[in-house]
Amino acid sequence: MAGAYDRAITVFSPQGRLYQVEYALETVKSGSTSVGIRVDEGVVLAVEERAHSKLQAPTYSQKLFQIDLHIGAAASGLISDARVLVDSARLYAQSYRLTFDELPSVESVAKRIGDLMQLYTQHGGVRPFGVALLIGGSSVDGTRLFYTEPSGVVLEYKAWSIGRGAEKVKEILEATYDSKMSLEEAKRLAISALVRSVDKIDQNWMARMVVIPTDTKTYTAVPEDEVNALIEEALKSGK
């Protein structure tokens, strides 16, 4: 029956399903794994990436984005779609600053992205965004972490994961996560979960991480040397 209803984004099946949205969710599930962790001291966003060639620049991150000084995002799925959503969120954040003379909240930015994603589920001639985002930051409303998906759903989490290894990472987070852990412990947990979610780690596999501490409220990339040290620590401990 799917073939009769999946040719147009605006047509519901008799079961109330939008197949194109479900296909977009499958794209997210096949993407590389991303994880977000929120603790009292800040937010950690970490992603796995794989080099496609020896000629690829090793310092360029495809899946981590800075939206504003105090807000970042991690993506899984079609990264080209993620760039469009992030660009829209950046414009919204700057417009908010100019209009209200204050930092936009993490929630308002997440809902803005969710609204745009939902808009692309109800118009003919377009397709849903094939990407999901973890949006984290620290602002006037505290430290927050949100998840958005192709349907336009926006949910808040203490810790969450998206991508192909998400189920394994979620199991680890549910067993280990504690909102009272320090930011350093959250960084170790994020890298440990990514490492344990991968079947094989080779020379082309790498992880990248950013933090937004509560005290500075500033998006900060974690140095490559520190990330590699955390990977080695996770591999040696078997965690």
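The structure contained in this document is the topic of the report that follows. (Residues numbered from 1 in each chain as written. Predicted model: local features only at pLDDT ≥ 70, side-chain atom pairs only at ≥ 80, totals over all residues. Heavy atoms only, no water.)

1. Considering the nonpolar core
Link 1 in the chain: Residues V35, I37, I191 and M209 are the most contacted members of the largest nonpolar core, which totals 29 residues.
Link 2 in the chain: At the level of secondary structure, the elements contributing two or more residues to this core comprise β1 (34-39), β2 (42-50), α5 (166-176), α6 (183-197), β9 (205-213) and α7 (224-237).
Link 3 in the chain: Per element, the largest residue contribution to this core is 8 residues, and it comes from α6.
Link 4 in the chain: Non-local contacts of M209, meaning those with residues more than four positions away in its chain, are made with V44, L45, A46, L64, K187, I191, A221, V222, V227 and L230.
Link 5 in the chain: By size, the runner-up hydrophobic cluster in this structure holds 23 residues, among which are I71, A73, I79 and Y92. (Core = buried A, V, L, I, M, F, W, Y, C linked by side-chain atoms within 4.5 Å. Buried < 20%, exposed > 50% of the residue type's maximum accessible area, 1.4 Å probe, protein only. Helix = DSSP H or I, 4+ residues; strand = E, 2+ residues; numbered from the N terminus. Contact = heavy atoms within 4.5 Å.)

2. Looking at the packing of helix α3 (residues 79-100) against helix α4 (residues 106-119)
Link 1 in the chain: For the pair α3 and α4, interaxial distance at closest approach is 10 Å and the crossing angle is 130°. Taken together, the axes of α3 and α4 lie oblique to each other. In the crossing of α3 with α4, the sense of the turn from one axis to the other is right-handed. Residues L85, S88, A89 and Y92 of α3 pack against S108, V109, R112, I113, L116 and M117 of α4.
Link 2 in the chain: Among the residues making up the contact of α3 with α4, the classes are represented as 7 nonpolar, 2 polar and 1 charged. (Axes fitted to C-alpha atoms, helices over the stretch in contact; angles between N-to-C directions. Parallel < 35°, antiparallel > 145°, perpendicular 65-115°, else oblique. Left-handed = near helix turned anticlockwise from the far one by under 90°. Nonpolar A, V, L, I, M, F, W, Y, C, P; charged D, E, K, R; others polar.)

3. Observations concerning the layout of surface pockets
Link 1 in the chain: In this model, the largest pocket occupies a volume close to 460 Å³.
Link 2 in the chain: Considering the residues around the largest pocket, the lining is formed by 23 residues, among which P58, M206, A207, R208 and E224 are closest to the centre.
Link 3 in the chain: Here the residues of the lining of the largest pocket are counted per class, giving 13 nonpolar, 7 polar and 3 charged.
Link 4 in the chain: If you add up the space inside the second largest pocket, you get close to 290 Å³.
Link 5 in the chain: Contributing to the lining of the second largest pocket are 18 residues, with G31, S32, E48, R50 and R164 lying nearest its centre.
Link 6 in the chain: If one sorts the elements of the lining of the second largest pocket by residue count, β2 sits on top with 3 residues.
Link 7 in the chain: When the residues that make up the lining of the second largest pocket are grouped by side-chain class, the tally is 3 nonpolar, 8 polar and 7 charged. (1 Å grid on protein atoms, 1.4 Å probe; cavity = no way out; pocket = protein on both sides within 12 Å on 5 of 7 lines; lining within 4 Å. Points joined across faces, edges and corners; volume = space filled by probe spheres on them.)

4. Re the environment of K217
Link 1 in the chain: Residue position: K217 is located in the loop between β9 and β10 (220-221).
Link 2 in the chain: Using a relative accessible area of 28% as the deciding quantity, one classes K217 as partly exposed.
Link 3 in the chain: Counting along the chain gives 16 residues from K217 to E233, while the straight-line C-alpha distance between them is 28 Å.
Link 4 in the chain: Not counting residues up to four positions away in its chain, the partners in contact with K217 are L69, H70, S138, S139 and I212.
Link 5 in the chain: Only 3.2 Å separates the side chain of K217 from the backbone oxygen of T214, close enough to count as a polar contact. (Polar contact = N/O pair within 3.5 Å; in protein donor to acceptor, adjacent residues only side chain to side chain.)

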